[in-house]
Amino acid sequence: MDLFGVLWYWIYAAVPPEITWNLKCGPRATDVCELQNCTITSDTNRNQIFFPATNLMINHGYVPHFDASVAQMLRQETIMLAIMNSGVQDFVIREMIEILILEDNQIERMDVIEGQELFRLKILKVSRNRLTDISFVRKLSKLKYLHAHDNQLEAIPMKTFENGRDLVEVWLHNNRIKKLETTAMLTLKNLWNLELQNNQLQELDAKWWRFDNLQSINLDGNLLQSLNGAEFKRAFPTVLNISVANNPWNCDRLRDLKYHFVGGNVNLLGVCFEQKCCHNDRLDGLALGLAESLEHLETAYGEVRGIERAYVDANEQAVRLEKLQKRFDRVEFYLRHVAERLEHMKEKYDCLRYGKNKDKKKRLKLER
């Protein structure tokens, strides 16, 4: 290789090039810069080009594949990233990002960068995309706000949220969700708002849910005919607003649901007993309420069993007390017997001592 070739290699190949990005930065307080007319393809990172070291926004650009190689172009200083209306089809999340906005794209797949365990992401907005799976959320233990509405979600395993101890708000409305699968206890102590309206839910099994601080749940526009009111009260003990409008309710089941919240602070929104709101099918109502009735029977049976156990425990306690009383009586008898013997020995001792003293006095008189 001649001298010119060596110089070309060191200048253009060995040293990562710094390119001039078309940046438009807002006030310093916001610390966000917009990449204008931005196009990122799989060829962009061949020469190890890096994004600017700031928070970034790309709007109306062209970024079809934000895969691991493109994600590595981000610098550690970028904690907020917004890519909107840019035709993104897949996306890989970097570990240092705290705010990620990916609305109005065509995203079908998302995942997190490999080799990292701790992700700082707190706010994720992926609305109006084509997502069918959000299982990657399970790896985001710092997440507080999830906006995934207007996608193509159909079934969500609730274990997706099992590490969401900090979750405050989850928006899943305007999807195609038919089932929220729950197989184990799920506790989300900080969840405040759950938006599930305009899906295809035929039931909501909240038996294993414990959302102790949930204030609002929206179930408008689903396919619900019935809800288990007692189950709801256990799952959401502090709920204030439950919205259930535009569902094909069974009137009897709707009345039962309303009964569970009579006299409380809960606003049951969208309740209506007109023909347009619910259907009067008594047999259907009995069938739909069967699970709740069985649960009431199980609860009553459990209470009876509890009383029975308490009664048995009381009897066992009485037997133990009786045995203790007998032992106490035996000890008392033994102590009384010992006391009598001690008293008898004292009398003997007094007699002997009195006799010795009397003989001693006689001897003293004779000596005088």
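None of the values given here were measured: they were computed from a predicted structure.

Draft legend 1. The arrangement of the nonpolar core in detail. Counting residues in hydrophobic clusters, the biggest one holds 78 residues, and the most contacted among them are Phe66, Met110 and Phe161. Listing elements by their share of this core, those giving two or more residues are β3 (55-59), α2 (68-71), β5 (80-84), β6 (90-93), β8 (109-112), α3 (229-235) and α4 (251-260). For Met110, the residues in contact, after removing those within four places along its chain, are Phe91, Ile93, Leu100, Leu102, Leu124, Val126, Leu131 and Phe136.

Draft legend 2. Local environment of the sheet that holds strand β15 (residues 193-195). Taken together, twelve strands build an open sheet; the order of strands is β1-β2-β3-β5-β7-β9-β10-β12-β15-β17-β18-β20 and the sheet is mixed. Looking along the sheet, the strands with just one partner apiece sit at the ends: β1 (23-25) and β20 (267-269). Adjacent strand axes in the sheet meet at a mean angle of 10° when their direction is disregarded. Where β3 and β5 come together, four bridges link them in parallel fashion. From the neighbouring strand, Ile58 faces β5, where its bridge partner is Ile83.

Draft legend 3. View of α4. Inspection of α4 places Cys251, Asp252, Arg253, Leu254, Leu257 and His260 among the buried residues, and these make up the whole buried set. At the N-terminal boundary of α4, the capping side chain belongs to Asn250, with an oxygen 3.0 Å from the backbone nitrogen of Asp252.

Draft legend 4. Layout of the environment of Glu95. Looking at the secondary structure, you find Glu95 in the loop between β6 and β7 (99-101). On the basis of relative accessible area, Glu95 is assigned to the buried category, the value being 12%. Taking the C-alpha atoms as reference points, Glu95 and Val112, separated by 17 residues in sequence, lie 7.8 Å from one another. Residue contacts for Glu95: discarding those within four places in its chain leaves Gln76, Ile113, Gln116, Leu118, Phe119 and Arg120. Polar side-chain contacts of Glu95 include one of 3.1 Å to the side chain of Gln76. A distance of 3.1 Å separates the side chain of Glu95 from the side chain of Arg94, its partner in a polar contact.

Draft legend 5. Quick look at the pairing of β8. Where burial is concerned, the two faces of β8 differ: the one with Met110 and Val112 is buried and the one with Arg109 and Asp111 is not. For β6 and β8, the ladder comprises four bridges, and the chain directions are parallel. Across the sheet, Phe91 pairs through a bridge with Met110, a residue of β8.

Draft legend 6. Structural detail: the pattern of salt bridges. Applying the stated rule across the entire model yields nine salt bridges. The partner of Asp256 in a salt bridge is Arg253, with the nearest N and O atoms 2.8 Å apart. Here Asp256 and its partner Arg253 are both found in helix α4, three residues apart, which amounts to about one turn of the helix. Its relative accessible area of 35% is what places Asp256 among the partly exposed residues. In the salt-bridge network here, residues are joined through shared partners; they are Asp90, Glu108 and Arg109.

Draft legend 7. Layout of the pairing of β5. Most of β5 is tucked away: five of the five residues are buried. Residue alternation in β5 divides its side chains into two sets, Met80, Ala82 and Met84 and Leu81 and Ile83, and both sets are buried. Note: β5 against β7, three bridges, orientation parallel. Residue pairing in the sheet places Met80 in a bridge with Ile99 of β7.

Draft legend 8. Layout of the state of the cysteines. The tally for this structure, following the rule as stated, stands at two disulfides. Here Cys25 engages in a disulfide with Cys33; their sulfurs sit 2.0 Å apart. Handedness here is read from the sign of the S-S torsion; for Cys25 and Cys33, about 105°, the answer is right-handed. In this model, Cys251 is linked to Cys278 through a disulfide, with the two sulfur atoms separated by 2.0 Å. Disulfide Cys251-Cys278: the torsion about the S-S bond is 90°, which places it as right-handed. With a gap of 27 residues between them, Cys251 in helix α4 and Cys278 in strand β21 (residues 278-279) connect regions that are remote in the sequence. Cys251 gets classed as buried once you look at its relative accessible area, which sits at 0%. The class for Cys278 is buried, based on a relative accessible area of 5%.

About the thresholds
Residues numbered from 1 in each chain as written. Predicted model: local features only at pLDDT ≥ 70, side-chain atom pairs only at ≥ 80, totals over all residues. Heavy atoms only, no water. Core = buried A, V, L, I, M, F, W, Y, C linked by side-chain atoms within 4.5 Å. Buried < 20%, exposed > 50% of the residue type's maximum accessible area, 1.4 Å probe, protein only. Helix = DSSP H or I, 4+ residues; strand = E, 2+ residues; numbered from the N terminus. Contact = heavy atoms within 4.5 Å. Pairing = 2+ DSSP bridges. Axes fitted to C-alpha atoms, helices over the stretch in contact; angles between N-to-C directions. Polar contact = N/O pair within 3.5 Å; in protein donor to acceptor, adjacent residues only side chain to side chain. Salt bridge = Lys/Arg side-chain N within 4 Å of Asp/Glu carboxyl O. Disulfide = S-S within 2.5 Å.

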